Number of protein chains: 2
Amino acid sequence: MEPVNLKRLAKELNLAISTVSRALRDSYDISPETKKRVFELAQKLNYEPNPYASSLRKQKSRTIAVVIPEVANNFFSLAINGIESIAQEKGYHVLIYLTHEDYQKEVSITRHLQSGRVDGILMSVAANTENSSHIVELHNKGIPIIFFDRVSDDIDTSRITTDDYDSGFKATEHLIQCGCKQIAYLSFSQHLSITNKRMRGYLEALEHYNIKPDRKLIILCSSDNGQSYPVLRKLLSGKKRPDGIFASVEKLAIASYHLCEELKIDIPKDIKVISFSNLETASLLNPSLTTITQPAFDIGKKAASVLFRRLEKNKTPFMSETVVLKSALIPRNSTKV
Amino acid sequence: MEPVNLKRLAKELNLAISTVSRALRDSYDISPETKKRVFELAQKLNYEPNPYASSLRKQKSRTIAVVIPEVANNFFSLAINGIESIAQEKGYHVLIYLTHEDYQKEVSITRHLQSGRVDGILMSVAANTENSSHIVELHNKGIPIIFFDRVSDDIDTSRITTDDYDSGFKATEHLIQCGCKQIAYLSFSQHLSITNKRMRGYLEALEHYNIKPDRKLIILCSSDNGQSYPVLRKLLSGKKRPDGIFASVEKLAIASYHLCEELKIDIPKDIKVISFSNLETASLLNPSLTTITQPAFDIGKKAASVLFRRLEKNKTPFMSETVVLKSALIPRNSTKV
DNA sequence: AAGGTTTCCGAAAACGGTTCCGCAAAAAGG
DNA sequence: CCTTTTTGCGGAACCGTTTTCGGAAACCTT
């Protein structure tokens, strides 16, 4: 079975390869009749241009990479959805790389991406990424990187985030207004932009309402449930159990729910819970979970849009833009008074 | 800034390009000293081989495509996780394509994939794909396709599924044993392998327990919530409301929960619910949801393994294998007597 | 020392497109 | 009718690797 490529088309039509190529790209200096002949044969033989030959020659791959910590996560899967919707529209291809929150994996992935495999990168950094020199290196190679949600401040590029500080403030305020005095903040990384901003909001809300922050109520969990559970179990079964929990990520809220069930702690009577979450079933939980919900799909869409805009017009000097989308606080029964 | 490619390395080392190439691939007929010199410079300059040049030359891309209906879905995101874990281990790259359950999109994606962009494909077909000629076409081009979960029977290739018939039977049996007499089966596609097999299990369980199947209880919903809700609302608010629901997919169980809340129908007192689902919060719902849980991560891993095995040894004539993994029925309060 | 083997490396041809350059023939202009 | 311009197409270089083929030098062998 002979391959169907330009050479094949050219031979069957008695044309030069270059002519066929230009006809297919609808170049202005090929006659309409020739174009028609070419199109028809191409259609008939189901010709699909070899993307690798094209990428090699044009030094453009029409492919982007999405580098994220995990995919089995409502926020990221919605974001991917948004990214893919724009990519498909623009005719781009999407490569997925998962770091599993592992710094080393992130390094090796970014290193590989220096190869020119992709035209641009959408990234949300791993929880234990302290150093961003690997990203700087990539950026210095001239490959556009756009951060979304979990950003790195060491690189001058565009960022798409939500209003994490405000949301942190409002979440805490909400708990306070629901009567909580001892509010625990559950973080899962010391290095992440988002957890730190959310924590700042938390701390300043406490201050604003004249509640003295308690270091023992700032709980550093992990992205690994196996490590988080013991820490949380200790918190919840201890003498000075908090009366409010602000979980900076969904996973920790779910852990809290499970532990409250195990420890016979009543939500919201004994303890109130609010969490950042994109759980579609938040309203169906027992009790329904008060959430700060990020517009994950829109973040993905926006990030992809910004990247593609940059890729299409690389002539104009690029201006990094910081887009901040608003999250919504949706009160439900887990913080009911 | 000069590009760092083989030519550059060759020039700086006063070697031929071919020599550098072979040194980097650790070819046996390059002397150890030369290899060392090459490795060191490559390291120093952070050389990454151009994947497109390599793919073009070798006619292999070390890239696979994952074609699925959606990603914001617990089953598929877990499956991707499994796929990616194997791919990363084997040094393969993963392209994601979403059909959004749209037949036309599936056609255009598969058509494009004839280009040689990927070495193999992992696929779960869209809900309204009736005709699989586009997949046959792709398969005829010699590109390995492995189906997982939602398979097509028109192509002779490997399939990774779960025991859908058995699970359908057991789910129905479970409802019957919990006292249900009028069990509705919620499907969302007439063409899908999985929904049909699950339905067969449902029907044969009814028969086995001498319950006459009622056509009006086989409800064809949609992958679009906007269409499913009216249909389900009619079912649940009608005179002859079922006393048991078997949802073939998670989405329909969630819809049922929402509608039962809206219509003040008590689960499990008025109606019992069981569903195929990979919801991590199934046990936290109100009431906790009895599920048939598929080993989604393992399905992804297995599908990827089978594909890679086929890709690595394409010398041996390929035998299609059908792997069936077991789902687990996890009884919870939504079917409590 | 002549012949035969290794050892190590270079030259060059692919892979399948894209694109610059140029050249005939046809059309237009005077 | 001759010159100039336009139109339509072919030739060939190039993108960065891989790989085949072959060749020179060094190493044995007898």
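What you see is a predicted model; the values in this text were computed from it and never measured.

Facing the 54 residues of chain B at the interface are 53 residues of chain A. Each partner contributes to the roughly 4800 Å² buried at the junction of chain B and chain A, and carbon and sulfur atoms together form 57% of this total. For the interface between chain B and chain A, the tally reads zero salt bridges. If you list the elements that add at least two residues to the side of chain B that touches chain A, you get helix 4 (51-58), helix 5 (74-90), strand 2 (93-98), helix 6 (103-112), helix 7 (133-140) and helix 11 (250-262) of chain B. Of the residues forming the side of chain B that touches chain A, the biggest block, seven residues, is contributed by helix 5 of chain B. Of the residues that constitute the side of chain B that touches chain A, the class distribution is 23 nonpolar, 21 polar and 10 charged.

Here we take up the protein's contact with DNA strand C. What surrounds DNA strand C is a group of 28 residues, the closest being A:Leu6, A:Arg57, B:Thr19, B:Arg22 and B:Thr34. Each atom of DNA strand C within 4 Å of the protein belongs either to a base or to sugar and phosphate, the latter forming 59%. One of the side-chain N or O atoms of A:Tyr47 is found 2.9 Å from a sugar or linking oxygen in DNA strand C. B:Arg22 is positioned such that a nitrogen or oxygen atom in its side chain is 2.8 Å from a base oxygen of DNA strand C. When residues of the surface near DNA strand C are traced back to their parent elements, those giving at least two are helix 1 (6-13), helix 2 (17-24) and helix 4 (51-58) of chain A together with helix 2 (17-24) and helix 4 of chain B. The residue inventory of the surface near DNA strand C, partitioned by class, reads nine nonpolar, 11 polar and eight charged.

Residues and elements named next belong to chain B. The geometry of helix 6 relative to helix 7 is characterised by a closest axis approach of 9 Å and an angle of 10° between their N-to-C directions. Taken together, the axes of helix 6 and helix 7 are roughly parallel relative to one another. On helix 7, the residues that touch Tyr103, Glu106, Val107, Thr110 and Arg111 of helix 6 are His134, Ile135, Glu137 and Leu138. By residue class, the composition of the contact of helix 6 with helix 7 is four nonpolar, two polar and three charged.

Before going further, it helps to examine the packing of aromatic side chains. Where two aromatic rings form a pair, the distance of their centres and the angle of their planes describe that pair. Tallying each qualifying case throughout the model produces 15 aromatic pairs over all chains. A ring pair is formed by A:Tyr92 and A:Phe308, whose centres lie 4.4 Å apart and whose planes are at 40°; its orientation type is tilted. Remark: A:Phe308 occurs in helix 12 (residues 296-312) and A:Tyr92 occurs in the loop between helix 5 (74-90) and strand 2 (93-98); sequence separation between them is 216 residues. The pair formed by A:Tyr92 and A:Phe308 is uniform in burial state, with each residue classed as buried. The interplanar angle of 75° and the centroid separation of 6.3 Å between the aromatic rings of B:Phe76 and B:Phe148 together place this pair among those described as edge-to-face. With B:Phe76 in helix 5 and B:Phe148 in strand 4 (residues 145-148), the pair connects residues that are 72 residues apart, well separated along the chain. The exposure classification of B:Phe76 matches that of B:Phe148, with both residues buried. Aromatic rings pair up to connect A:Tyr185, A:Tyr202, A:Phe246 and A:Phe276 into one cluster. One Lys or Arg, A:Arg198, reaches over the ring of A:Phe276 and ends 3.5 Å from the middle of that ring.

All right, on to the protein's contact with DNA strand D then. Looking at DNA strand D, there are 27 residues lining it, with A:Ala16, A:Thr19, A:Thr34, B:Leu6 and B:Arg57 nearest. For DNA strand D, the backbone makes up 62% of the atoms found within 4 Å of the protein, where backbone means sugar plus phosphate. The side chain of A:Arg22 places a nitrogen or oxygen atom 2.8 Å from a base oxygen of DNA strand D. Here a phosphate oxygen of DNA strand D and a backbone polar atom of B:Asn50 are 3.2 Å apart. Of all the secondary-structure elements, those providing two or more residues to the surface near DNA strand D are helix 2 and helix 4 of chain A together with helix 2 and helix 4 of chain B. Its residues assigned to classes, the surface near DNA strand D comprises nine nonpolar, 11 polar and seven charged.

Residues and elements named next belong to chain B. Residues of strand 4 alternate between two faces, with Ile145 and Phe147 on one and Ile146 and Phe148 on the opposite face, all of them buried. Two strands pair when backbone bridges link them, and strand 3 (residues 120-123) and strand 4 are joined in this way by three bridges, in the parallel orientation. When the bridges of strand 4 are listed, Ile121 appears paired with Ile145. Tracing the backbone out of strand 3, into helix 7 and back to the parallel element strand 4 gives a crossover that is right-handed. Pairing analysis gives two bridges linking strand 4 to strand 5 (residues 159-162), with the strands arranged parallel. Among the inter-strand pairings, Phe148 is bridged to a residue of strand 5, identified as Ile160.

In this section: the domain arrangement of chain A. In terms of domains, chain A is made up of domain 1 (6-49), domain 2 (61-162 + 296-326) and domain 3 (164-294 + 329-335). Computed over C-alpha atoms only, the centres of domain 1 of chain A and domain 3 of chain A are separated by 63 Å.

All right, on to the environment of B:Pro49 then. Residue and element names in this part refer to chain B. When you line up the elements, Pro49 lands in the loop between helix 3 (32-45) and helix 4. Judged by relative accessible area, Pro49 falls into the partly exposed class, the value being 44%. Taking C-alpha positions, Pro49 is 6.8 Å from Asn5, a pair spaced 44 residues apart along the chain.

Relative to chain A, chain B is turned by 180° and slid 0.0 Å along the rotation axis, the superposed coordinates differing by an RMSD of 0.0 Å. Interpreted geometrically, this transformation is the action of a two-fold axis. With an isologous cut-off of 70% or more, the 98% of interface residues of chain B that recur at the interface of chain A puts this contact in the isologous class.

To continue, consider the side chain of A:Thr195. Residues and elements named next belong to chain A. With respect to the secondary-structure elements, Thr195 resides in helix 9 (residues 193-208). On the basis of relative accessible area, Thr195 is assigned to the buried category, the value being 1%. Sequence-distant contacts of Thr195, that is, excluding residues within four places in its chain, are made with Tyr185, Ser187, Phe188, Ser189 and Ser248.

For the rest of this paragraph, the subject is the sheet that holds strand 7 (residues 218-220) of chain B. All names here are of chain B. Taken in spatial order, the six strands make up an open sheet running 7-6-8-9-10-12, and their pairing is mixed. One side of each edge strand has no neighbouring strand; the edge strands of this open sheet are strand 7 and strand 12 (328-330). In this sheet, adjacent strand axes meet at a mean angle of 15° when their direction is disregarded. Relative to strand 10 (residues 290-293), strand 9 (residues 272-276) runs parallel, the two being bridged by three bridges. Bridging from a neighbouring strand, Ser275 pairs with Thr291 of strand 10. Against the sheet, helix 11 touches strand 6 (183-187), strand 8 (244-247) and strand 9, its axis set at about 155° to strand 9.

On to the sheet that holds strand 6 (residues 183-187) of chain A, then. Residues and elements named next belong to chain A. Sheet architecture is open: six strands sit in the order 7-6-8-9-10-12, paired in mixed fashion. On the outer flanks of this sheet lie strand 7 (218-220) and strand 12 (328-330), each paired with one strand and no other. Across the sheet, the axes of successive neighbouring strands diverge by a mean angle of 15°, strand direction being ignored. Note that strand 10 (residues 290-293) and strand 12 share three bridges and pair antiparallel.

What counts as what
- Residues numbered from 1 in each chain as written.
- Chains lettered and ligands numbered in written order.
- Predicted model: local features only at pLDDT ≥ 70, side-chain atom pairs only at ≥ 80, totals over all residues.
- Heavy atoms only, no water.
- Contact = heavy atoms within 4.5 Å.
- Buried area = accessible area lost by both parts, 1.4 Å probe.
- Salt bridge = Lys/Arg side-chain N within 4 Å of Asp/Glu carboxyl O.
- Helix = DSSP H or I, 4+ residues; strand = E, 2+ residues; numbered from the N terminus.
- Nonpolar A, V, L, I, M, F, W, Y, C, P; charged D, E, K, R; others polar.
- Near = heavy atom within 4 Å.
- Polar contact = N/O pair within 3.5 Å; in protein donor to acceptor, adjacent residues only side chain to side chain.
- Axes fitted to C-alpha atoms, helices over the stretch in contact; angles between N-to-C directions.
- Parallel < 35°, antiparallel > 145°, perpendicular 65-115°, else oblique.
- Phe/Tyr/Trp six-rings, centres within 6.5 Å; stacked < 30°, edge-to-face > 60°.
- Buried < 20%, exposed > 50% of the residue type's maximum accessible area, 1.4 Å probe, protein only.
- Lys NZ or Arg CZ within 6 Å of the ring centre and 35° of its normal.
- Pairing = 2+ DSSP bridges.
- Right-handed = clockwise from strand over helix to strand, strands pointing away.
- Domains from an automatic or database assignment.
- Least-squares fit on C-alpha atoms with pLDDT ≥ 70 in both.

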